[in-house]
Amino acid sequence: MDSLAATALPDLWDRLTGTQPDPDLWVVLATLVAALAVVVPHSVWRLARNAITIAHEGGHGLVALLTGRQLTGIRLHSDTSGLTVSRGKPYGLGMILTAAAGYTAPSLLGLGGAALLAAGRITLLLWVATALLVVMLVMIRNAYGVLTVVLAGGAFLLVSWLAGPQVQAAFAYAVVWFLLFGGVRPPFELQSKRARGGAGDSDADQLSRLTHVPAGLWLFLFHAVSLCSLIGGGGWLLEG
């Protein structure tokens, strides 16, 4: 048993830290088209947006922990909304960063994923994503949230353990393209809601109250982060 562990652990470490060959260009382009086919049509987006909500609320939760706040729970709802609750000062830099993390998280995760893929770290990307989902699962406080995170984590786990290198590469590229494109749409949806007089307690409005900066400028920041991430991350994926 000890000899088996001694052999398996270095092999696992080599898989995590090693590089994998880049997929063919047609795979990169096919996954790009597939991501657009999920993000653009409204009927498909209504379901796929659950994955963006996971990233959105996960961003709130992660930054809350990193800034020293006490994360008490995350809830994900079937209408693709979510809620992350943390304890701490209701003002200050930690609260501002936590509030700003939601709409920027999917795009920044996509940008980070694109950097890993450009470096050939496909397996590392899949394992890091799985680990983040497992950590998030601990903080989920409703049944629908548990279901969605388990399904997402299960998909990453199955692909990383059972699929071949080409399937892993296609899956990883599809996920990263989806995060990059999927991160662009929510700020536009928020802008549309605010133009109709809705979403009065959105992240942008909360940030406005925290900083005394107009909500429109925070919305501009969300747009800038998502679009710059798409341009930069997309460039890395296509160059790879």
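Residues numbered from 1 in each chain as written. Predicted model: local features only at pLDDT ≥ 70, side-chain atom pairs only at ≥ 80, totals over all residues. Heavy atoms only, no water.

### As for the UniProt feature "transmembrane region" (unreviewed entry) in the protein chain
Then, in step 1: Using the residue numbers shown here, the UniProt feature "transmembrane region" (unreviewed entry) corresponds to residues 25–45, 91–109, 115–137, 144–164, 170–188 and 217–238.
Then, in step 2: Structurally, residues 91–109 comprises 89% helix and 0% strand, and the distance from its first C-alpha atom to its last is 26 Å.
Then, in step 3: Counting secondary structure, residues 144–164 comes out at 90% helix and 0% strand; the distance between its end C-alpha atoms is 31 Å. (UniProt positions renumbered as here; feature names shortened; annotations may be inferred. Helix = DSSP H or I, 4+ residues; strand = E, 2+ residues; numbered from the N terminus.)

### Describing the side chain of H56
Then, in step 1: By secondary structure assignment, the location of H56 is in helix α3 (residues 42–66).
Then, in step 2: A distance of 3.1 Å separates polar atoms of two side chains, one belonging to H56 and the other to H60.
Then, in step 3: Ignoring sequence-local partners within four residues, the contact set of H56 consists of G102, Y103, A105, P106 and D203. (Polar contact = N/O pair within 3.5 Å; in protein donor to acceptor, adjacent residues only side chain to side chain. Contact = heavy atoms within 4.5 Å.)

### Examining the pairing of strand β1 (residues 70–76)
Then, in step 1: The pairing of β1 with strand β2 (residues 82–87) spans 6 bridges and is classified as antiparallel. If you follow R75 over to β2, its bridge partner there is L83.
Then, in step 2: In this antiparallel pair of consecutive strands, β1 and β2, the connection spans 5 residues, and T80 shows a positive phi of 70°. (Pairing = 2+ DSSP bridges.)

### Details of the side chain of H223
Then, in step 1: Among the structural elements, H223 can be located in helix α10 (residues 215–239).
Then, in step 2: Residues in contact with H223, not counting those within four places in the same chain, are P187, F188 and Q191.

### Concerning unusual backbone geometry
Then, in step 1: For T80, which is not a glycine, the phi torsion comes out positive at approximately 70°.
Then, in step 2: On the secondary structure map, T80 appears in the loop between β1 and β2.
Then, in step 3: Judged by relative accessible area, T80 falls into the buried class, the value being 11%.
Then, in step 4: Its identity as a non-glycine residue notwithstanding, H212 has a phi of 60°, on the positive side.
Then, in step 5: Here H212 lies in the loop between α9 (203–211) and α10. (Buried < 20%, exposed > 50% of the residue type's maximum accessible area, 1.4 Å probe, protein only.)

### Points about the pattern of salt bridges
Then, in step 1: Applying the stated criterion across every chain, the model contains 4 salt bridges.
Then, in step 2: Among the salt bridges present, the one from D201 reaches R209, with a minimum N-O distance of 2.5 Å.
Then, in step 3: According to the relative accessible area criterion, D201 is exposed, its value standing at 53%. (Salt bridge = Lys/Arg side-chain N within 4 Å of Asp/Glu carboxyl O.)

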